[in-house]
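# Structural overview
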Amino acid sequence: MEEINNKKPLLTKLDIKIYAYDIDLMGIVSNIVYVRWVENLRTKMLDDYYPLEKLLKQNISPILAKTEIEYKYPLTIYDKPVGEIWLCDMKKSKWQMEFIIKTDSKTNCIGKQTGYFVNLETKRPAPMPDDLYSIYEKTII
């Protein structure tokens, strides 16, 4: 996977709490837990910049198509990771986000998510709302 992009439009950060049920038999955070954390980050980004309720009122929903994660360094229950996510590309109906989960001293994982906007009635790709694209556009300048 390529290195994470330097521009971070719609950057969203989230302190992550590690629970006992996140730990596997080796005492480290299970790989699948990172996927849940990325979902939490993506949800927070929507809450911060364009709430899901606003999209749903327009009969549009984001749909996840792909998640890629490159695990760099394991986390334990004693770590205090922070997640960051941002939009790295936005087209007519397709979007791509990059994310990083790290502690003060290490990058624990990096990755990308790709998705689309879909019309909830037709179940077909839908263009993103103009005002959402405007928010994105203002952050890439």
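In short, a report on the structure. (Residues numbered from 1 in each chain as written. Predicted model: local features only at pLDDT ≥ 70, side-chain atom pairs only at ≥ 80, totals over all residues. Heavy atoms only, no water.)

Moving on, we come to the environment of methionine 128. Its place among the elements puts methionine 128 in the loop between strand 5 (107-119) and helix 3 (130-140). Classification of methionine 128 by relative accessible area gives buried; the value is 7%. Between the C-alpha atoms of methionine 128 and threonine 43, which are 85 residues apart in sequence, the distance is 17 Å. Not counting chain neighbours up to four residues away, the residues in contact with methionine 128 comprise Met90, Lys91, Lys92, Ser93, Phe117 and Tyr133. (Helix = DSSP H or I, 4+ residues; strand = E, 2+ residues; numbered from the N terminus. Buried < 20%, exposed > 50% of the residue type's maximum accessible area, 1.4 Å probe, protein only. Contact = heavy atoms within 4.5 Å.)

Grouped together as the largest cluster of nonpolar side chains are 28 residues, with contacts concentrated most on Trp37 and Leu87. Of all the secondary structure elements, the ones that give two or more residues to this core are helix 1 (31-49), strand 3 (82-90), strand 4 (94-102), strand 5 and helix 3. Among the elements that line this core, the one with the most residues is helix 1, at seven residues. What tryptophan 37 contacts, discounting residues up to four positions off in sequence, is Ile16, Lys17, Ile18, Asp22, Val29, Leu75 and Ile101. (Core = buried A, V, L, I, M, F, W, Y, C linked by side-chain atoms within 4.5 Å.)

Here we take up the pairing of strand 3. Most of strand 3 sits out of view: seven of its nine residues are buried. Two elements, strand 1 (residues 12-15) and strand 3, share four bridges in a ladder whose sense is antiparallel. In the sheet register, lysine 13 faces strand 3, and the bridge partner there is glutamate 84. As judged from the eight bridges shared by strand 3 and strand 4, these two strands associate in the antiparallel manner. Bridge pairing links glycine 83 to isoleucine 101 in strand 4. In textbook terms, the turn of a hairpin is the stretch between consecutive antiparallel strands, and for strand 3 and strand 4 this stretch comprises three residues. (Pairing = 2+ DSSP bridges.)

Glancing now at the pattern of salt bridges. In total, this model carries eleven salt bridges according to the counting rule given. Across the pair glutamate 84 and lysine 13 runs a salt bridge, and its minimum N-O distance is 3.8 Å. Highlighted residues: glutamate 84 in strand 3 and lysine 13 in strand 1, separated in sequence by 71 residues. On the basis of relative accessibility, which here comes to 5%, the residue glutamate 84 falls in the buried class. Here glutamate 68 and lysine 66 are joined by a salt bridge, their closest N and O atoms 3.5 Å apart. The partly exposed category is assigned to lysine 66, whose relative accessible area is 44%. Via salt bridges that share partners, Lys8, Lys13, Glu84 and Lys102 belong to a single interconnected network. (Salt bridge = Lys/Arg side-chain N within 4 Å of Asp/Glu carboxyl O.)

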